[in-house]
Amino acid sequence: MYETLGAIDACASVAELLSTKGAAKKASVSETFDGIEVEGMVHPLVDACVPVSFRNDKGMVITGTNMSGKSTFLRSLGVNMALAGSLGLAFASSFKAYPYRVISSIDI
């Protein structure tokens, strides 16, 4: 009974997120693709978020001044990577990635 109620609750949460934000598209996560390629990625919980597009098959260094969007970019990437790996959806026009393990620590 707990598993069934948990599954229903999870599905209801996903359905509410998709109905209110609505921009989720099918994502491709595959071990045959080396790197990450994203077009129009946004954070699903940030209103009026600026879409980001990038391609990377190597390491990345993210720098910038205070309040320029570095943390929001990392959170957007983490949320979309987790959604792509678990539900096959991402809040982006196109999302293609290797199945990276998402680990995050944002601190001063």
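Residues numbered from 1 in each chain as written. Predicted model: local features only at pLDDT ≥ 70, side-chain atom pairs only at ≥ 80, totals over all residues. Heavy atoms only, no water.

K.L.:
Please set out the sheet that holds strand β6 (residues 94–97) residue by residue, giving values where relevant.
P.N.:
Pairing is mixed across the open sheet formed by 4 strands, whose spatial order is β2-β6-β3-β4. With partners counted over all chains shown, the strands left at the sheet margins are β2 (28–29) and β4 (52–56), one partner each. Across 4 bridges, the pairing between strand β3 (residues 36–41) and β4 is antiparallel. Bridge pairing links I36 to N56 in β4. (Pairing = 2+ DSSP bridges. Helix = DSSP H or I, 4+ residues; strand = E, 2+ residues; numbered from the N terminus.)

K.L.:
I'd love a proper account of the nonpolar core, names of residues and values included.
P.N.:
What tends to happen in soluble globular proteins is that the nonpolar side chains get buried as a cluster. Core analysis: the largest hydrophobic core is formed by 13 residues, its most contacted members being I36, V38, M41, F54, L77 and F95. Going through the elements one at a time, β3, α2 (70–87) and β6 are the ones with two or more residues in this core. Broken down by element, the residue count for this core peaks at 4 residues, all from α2. The contact partners of V38, leaving out residues within four places of it in the chain, are V52, S53, F54, A92, S94 and F95. (Core = buried A, V, L, I, M, F, W, Y, C linked by side-chain atoms within 4.5 Å. Buried < 20%, exposed > 50% of the residue type's maximum accessible area, 1.4 Å probe, protein only. Contact = heavy atoms within 4.5 Å.)

K.L.:
Got a sec to walk through the packing of aromatic side chains? Specific residues and values, please.
P.N.:
With the rule as written, the count across this model stands at 2 aromatic pairs. Relative to F73, the ring of F54 has its centre 5.4 Å away and its plane inclined at 65 degrees; by these criteria the two rings are edge-to-face. Taken as a pair, F54 in strand β4 and F73 in helix α2 lie far apart in primary sequence, 19 residues in all. Pairing Y98 with Y100 gives two aromatic rings, centres 5.5 Å apart and planes at 65 degrees, and the pair type is edge-to-face. With relative accessibility at 31%, the residue Y98 sits in the partly exposed group. (Phe/Tyr/Trp six-rings, centres within 6.5 Å; stacked < 30°, edge-to-face > 60°.)

K.L.:
Which residues make up the confidence of the model for the chain, and what are the values?
P.N.:
Averaged over every residue, the pLDDT of the chain is 86; residues scoring 70 or more account for 97%. Looking across the chain, the model is least confident in strand β1 (residues 25–26), with a mean pLDDT of 84, and most confident in β3, with 93. (pLDDT = per-residue confidence, 0-100.)

K.L.:
I'd like a rundown of the environment of V52, residues and numbers included.
P.N.:
Structurally, V52 can be placed in strand β4. Remark: the alpha-carbon pair of V52 and V38, spanning 14 residues in sequence, is separated by 7.6 Å. Those residues within four positions of V52 in sequence are excluded, and the remaining contacts are V38, E39, G40, M41 and F73.

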